[in-house]
Amino acid sequence: MDEAQAAPRRTDWVALAREVGPAFAARAVDYDQRDAFAAENYAELKAHRFFSAGVPTELGGGGASHPELSAMLRELARHCGSTALALSMHTHLLGTALWRWRQGEPVEPLLRRVAQDEIVLVGTGASDWVDSSGTAKEVEGGYRITGRKIFGSGSPAGTLLLTSAVYEDPEDGPTALHFPVPIAAEGMTVLNNWQTMGMRATGSNDILLDNVFVPESDVWLRRPKGQWHVFFTTVAAISQPLIMSVYAGIAEAASNMALGIARKKSKRGLDPNLPYLLGEMENTLVTAQLAVQNLVDLCNDYAFEPTVATADAVMVRKTIAANACVQTVEKALEVAGGGAYFRSVGLERLLRDVHGSQYHPLQEKRQHLFTGRVALGLAPVG
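Being a predicted model, the structure only gives us computed values, none of them experimental. (Residues numbered from 1 in each chain as written. Predicted model: local features only at pLDDT ≥ 70, side-chain atom pairs only at ≥ 80, totals over all residues. Heavy atoms only, no water.)

## So, the overall build of the protein
Then comes step 1: Of regular secondary structure, the protein possesses 12 helices and 8 strands.
Then comes step 2: Its C-alpha atoms give the protein a radius of gyration of 21 Å, within 12% of the compact-globule value 21 Å for 382 residues.
Then comes step 3: Here the C-alpha coordinates of the protein stretch approximately 75 × 60 × 45 Å along the principal axes.
Then comes step 4: The buried share of the protein, taken over its 382 residues, is 51%.
Then comes step 5: Of the accessible surface of the protein, which amounts to about 17,300 Å², a share of 53% is contributed by carbon and sulfur atoms.
Then comes step 6: Taken together, the 35 basic and 42 acidic charged side chains of the protein have centroids lying 7 Å from each other. (Helix = DSSP H or I, 4+ residues; strand = E, 2+ residues; numbered from the N terminus. Rg over C-alpha atoms; globule rule 2.2 N^0.38 Å. Buried < 20%, exposed > 50% of the residue type's maximum accessible area, 1.4 Å probe, protein only. Areas by Shrake-Rupley, 256 points an atom, 1.4 Å probe, with all protein chains shown as cover. Lys, Arg positive; Asp, Glu negative; His and termini not counted. Charge placed at Lys NZ, Arg CZ, Asp CG, Glu CD.)

Here it is as structure tokens:
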């Protein structure tokens, strides 16, 4: 047997997303109307090993590159934005762990566990940001953590929460500790309070930590509260291409839907304004696609330089991508006309979902401040 025959076939993750997509789309309306987590979709993702897609093959995973993961999420979002967004949160946490593994940090057991058991990672970093939230009190062997974490996407199916809390270090002052904690641990409660305008099936519930014990050995990062740290550049460079790929997929779905409606309408007689509207929609869509592709390129399949300049470039493109995605879906409604106001058409849900893009860090005005401070040679936050 030659090497080509012996090598395992690599999964085409985009093709697999396209294969499972119609079933996800069929469930999307029901999830949305009931504010229900996409549980069946998550079970299907697990069966097809999507949660370990980004783990290197030598550690038992799917070996998908960062660009492949971005394209996979974009395809899934064309069918169910909520499922794709929830998966993107797990995927970027996994990607950050992979980056750390490449730097020689001891995260191989986590990567192998994801590959073996398809565990689901849940994060709260976006809501914690540089200040973090919650308190960490030192006890024998570790810390007791108390706090309320928001935007825990995928929490109904989550296995491990990756989060942080503030410890009042007697020597160094307020210090953010970063650590994993099992969602099934004593003192952990996942609320059922994700009732929102859009992205209703992500299960992004609040998570309560009530005196939860975290061993000292599980604390992998200690940093000054409220100050920029290389960790944030790493997370931004990896996460934003993945997250914004979801919103690009939603914009593409809306554009395709509106174009189909426009073509049917034009057969009954061409509205002279319709070509202009279609041209505007295409311009905003291409702007979104270019910005997202530039984000993917900046990450460079995890080979980016973790500098403030990289973080700034990512934040600028995130704002451009988010605005263009929202504008595309809004223009799609204009193209489709009054009929798009009916929920049965589907554009209304896409519009609500795409507006979620503005709430991922950094929000537009905060990005302007960040970028302006960097341009002046100041610390990016402070």
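Having seen it, we continue.
## Section: the packing of aromatic side chains
Then comes step 1: Per the stated rule, a full pass over the model turns up 12 aromatic pairs.
Then comes step 2: Both rings, one in Phe37 and one in Tyr42, keep their centres 4.9 Å apart while their planes meet at 70 degrees; by these two values the pair is edge-to-face. Summarising the burial analysis for this pair, Phe37 and Tyr42 share the class buried.
Then comes step 3: An angle of 80 degrees between the planes, with centres 5.9 Å apart, marks the rings of Phe151 and Trp194 as edge-to-face. Linking Phe151 in strand S3 (residues 142-152) with Trp194 in the loop between strand S6 (188-190) and strand S7 (205-215), this pair joins segments that are 43 residues apart in sequence.
Then comes step 4: Phe151 sits in the partly exposed class, given a relative accessible area of 45%.
Then comes step 5: Judged by its relative accessible area of 15%, Trp194 falls in the buried class.
Then comes step 6: These aromatic residues form a ring-pair network of at least three members: Trp129, Trp220, Trp228, Phe231, Phe232 and Phe370.
Then comes step 7: It is Arg100 that lies over the ring of Trp220; its NZ or CZ is 3.7 Å from the centre. (Phe/Tyr/Trp six-rings, centres within 6.5 Å; stacked < 30°, edge-to-face > 60°. Lys NZ or Arg CZ within 6 Å of the ring centre and 35° of its normal.)

## Points about the layout of surface pockets
Then comes step 1: Of the pockets and cavities examined, the second largest pocket occupies roughly 190 Å³.
Then comes step 2: Lining the second largest pocket are Trp129, Val130, Leu362, Arg366, Leu369, Phe370, Arg373, Pro380, Val381 and Gly382.
Then comes step 3: Of the residues that constitute the lining of the second largest pocket, the class distribution is 7 nonpolar, 1 polar and 2 charged. (1 Å grid on protein atoms, 1.4 Å probe; cavity = no way out; pocket = protein on both sides within 12 Å on 5 of 7 lines; lining within 4 Å. Points joined across faces, edges and corners; volume = space filled by probe spheres on them. Nonpolar A, V, L, I, M, F, W, Y, C, P; charged D, E, K, R; others polar.)

## Side note on the pattern of salt bridges
Then comes step 1: All told, the structure shown has 20 salt bridges when counted by the stated rule.
Then comes step 2: As a salt-bridge pair, Arg18 and Glu75 come within 3.9 Å of each other at their nearest N and O atoms. With Arg18 in helix H2 (residues 13-34) and Glu75 in helix H4 (residues 66-77), this pair connects stretches of sequence that are 57 residues apart.
Then comes step 3: By relative accessible area, which is 45% here, Arg18 ends up partly exposed.
Then comes step 4: Here the salt bridges do not stand alone but share partners, grouping Arg18, Arg74, Glu75, Arg78 and Glu252 into one network. (Salt bridge = Lys/Arg side-chain N within 4 Å of Asp/Glu carboxyl O.)

## Focus: the nonpolar core
Then comes step 1: With 79 residues, the main nonpolar core has Phe50, Met72, Leu76, Tyr247 and Ile250 as its most contacted residues.
Then comes step 2: Counting residues per element, the ones that place at least two in this core are H2, helix H3 (39-47), H4, helix H5 (81-102), helix H8 (230-266), helix H9 (274-299), helix H10 (308-336) and helix H11 (347-354).
Then comes step 3: Listed in part, the 17 residues of the second largest apolar core include Leu161, Tyr167, Ile183 and Ile207. (Core = buried A, V, L, I, M, F, W, Y, C linked by side-chain atoms within 4.5 Å.)

## Section: empty space enclosed by the protein
Then comes step 1: Evaluation of the coordinates by the stated rule reveals 1 cavity of 30 Å³ or more.
Then comes step 2: Space inside the largest cavity adds up to approximately 50 Å³.
Then comes step 3: What lines the largest cavity is Ala28, Tyr31, Asp32, Cys80, Gly81, Ser82, Arg200, Ala201, Arg349 and Asp353.
Then comes step 4: Counting only elements with at least two residues in the lining of the largest cavity, the list comes to H2, H5 and H11.
Then comes step 5: Counting residues per element, the lining of the largest cavity draws most heavily on H2, which supplies 3 residues.
Then comes step 6: Among the residues forming the lining of the largest cavity, the class breakdown is 4 nonpolar, 2 polar and 4 charged.

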